[in-house]
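Single-letter residue listing:
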Amino acid sequence: MIEATSCGGVVIFRGKVLLLYKNYRNRYDGWVLPKGTVEPEEEYKETALREVREETGVSASIIKYVGKSQYSFNTPGDTVVKNVHWYLMMADSYYSKPQREEFFVDSGYYKYHEAYHLLKYSNEKQMLEQAYSEYVDLKKSNLWGSNKYY
């Protein structure tokens, strides 16, 4: 068994959520949240921000830690158990550009209910629920987008 750690973001701009569409040689299709592997000597927050920037071209700010999800998958020689640490993030515009090298063919911002139904994986849907709930609470308290919170 191999253990791996990734970090990612639930990125929001004006109430909409950033998603990526991945298509690898027509074998794997699905909408996902941006995330990626932690590099040596890198802090989780740095990984999350870097991966969001690399995969989507979006420059975002971390608002708060949302939680951890875990899943496993099989490779030809082993089973990989992956822990993913998620952050609620705020983007500064609707701009996004999918990273072609990672087989992302589309990206964009979607209303919460659209994003929820588009997401392929249940663990990402769960993180979206948690992060969006935090976003709504901050918005109600007039703390979203202010430097009072972070």
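Here the residue numbers are simple positions, counted from 1 along each chain's written sequence. pLDDT decides what is reported in this predicted model: residues at 70 or higher carry local features, side-chain atom pairs at 80 or more are listed and counted, and totals for whole chains, interfaces and linings draw on all residues regardless. Neither water nor hydrogens contribute to the side-chain values; these are computed over all heavy atoms in the structure.

Enquirer: Please clarify how the pattern of salt bridges should be interpreted in this entry.
Expert: Between side chains of opposite charge, a pair can form when the charged atoms approach closely. Basic side-chain nitrogens of Lys or Arg form a salt bridge, by our definition, when they fall within 4 Å of a carboxyl oxygen of Asp or Glu. In the structure shown here, the tally under the stated rule is six salt bridges. The closest approach of N and O atoms between arginine 50 and glutamate 54, which form a salt bridge, is 3.3 Å. Of this pair, arginine 50 and glutamate 54 both sit in helix 1 (residues 44–56), four residues apart, roughly one helical turn. The buried label applies to any residue whose accessible area, calculated with a 1.4 Å probe on protein chains only, is under 20% of its type's maximum; exposed applies above 50%, and partly exposed to all values in between. Exposure remark for arginine 50: the relative accessible area of 10% places this residue in the buried category. When salt bridges with common partners are traced through the structure, they connect Glu39, Glu42, Arg50, Glu51 and Glu54 into a single cluster. Every helix listed is a DSSP run of H or I at least four residues long, and every strand listed is a run of E at least two residues long, numbered separately from the N terminus.

Enquirer: When you look at the nonpolar core in this model, what are you seeing that I'm missing?
Expert: Within soluble globular proteins, side chains that are nonpolar generally end up buried alongside one another. The criterion is simple. A nonpolar core is a set of buried Ala, Val, Leu, Ile, Met, Phe, Trp, Tyr and Cys residues joined through side-chain atoms within 4.5 Å. Ile12, Val17, Leu19, Leu33, Leu88 and Trp144 are the most contacted members of the largest nonpolar core, which has 22 residues in total. The set of elements that each furnish at least two residues to this core consists of strand 1 (2–13), strand 2 (16–24), strand 5 (60–74), strand 6 (79–91) and helix 3 (122–140). The element that contributes the greatest number of residues to this core is helix 3, accounting for six residues. Beyond its immediate chain neighbours, meaning those up to four positions away, valine 17 contacts Val10, Val11, Ile12, Leu33, Gly108, Tyr109, Tyr110, Ala115, Leu128 and Tyr132. Cys7, Val52, Val58 and Tyr87 belong to the second-largest nonpolar core, a separate cluster that totals 14 residues. We call two residues in contact whenever any of their non-hydrogen atoms come within 4.5 Å of each other.

Enquirer: Help me understand helix 1 in this model?
Expert: Helical periodicity: at 3.6 residues per turn, an α-helix aligns residues three or four positions apart in one direction. To estimate the expected span of a helix, subtract one from its residue number and multiply by 1.5 Å. With 13 residues, helix 1 extends 18 Å between its outermost C-alpha atoms, agreeing within 8% with the 18 Å of an ideal straight helix rising 1.5 Å per residue. Those residues of helix 1 that are buried lie in contact with strand 1, strand 2, strand 4 (35–37), strand 5, strand 6 and strand 7 (104–110).

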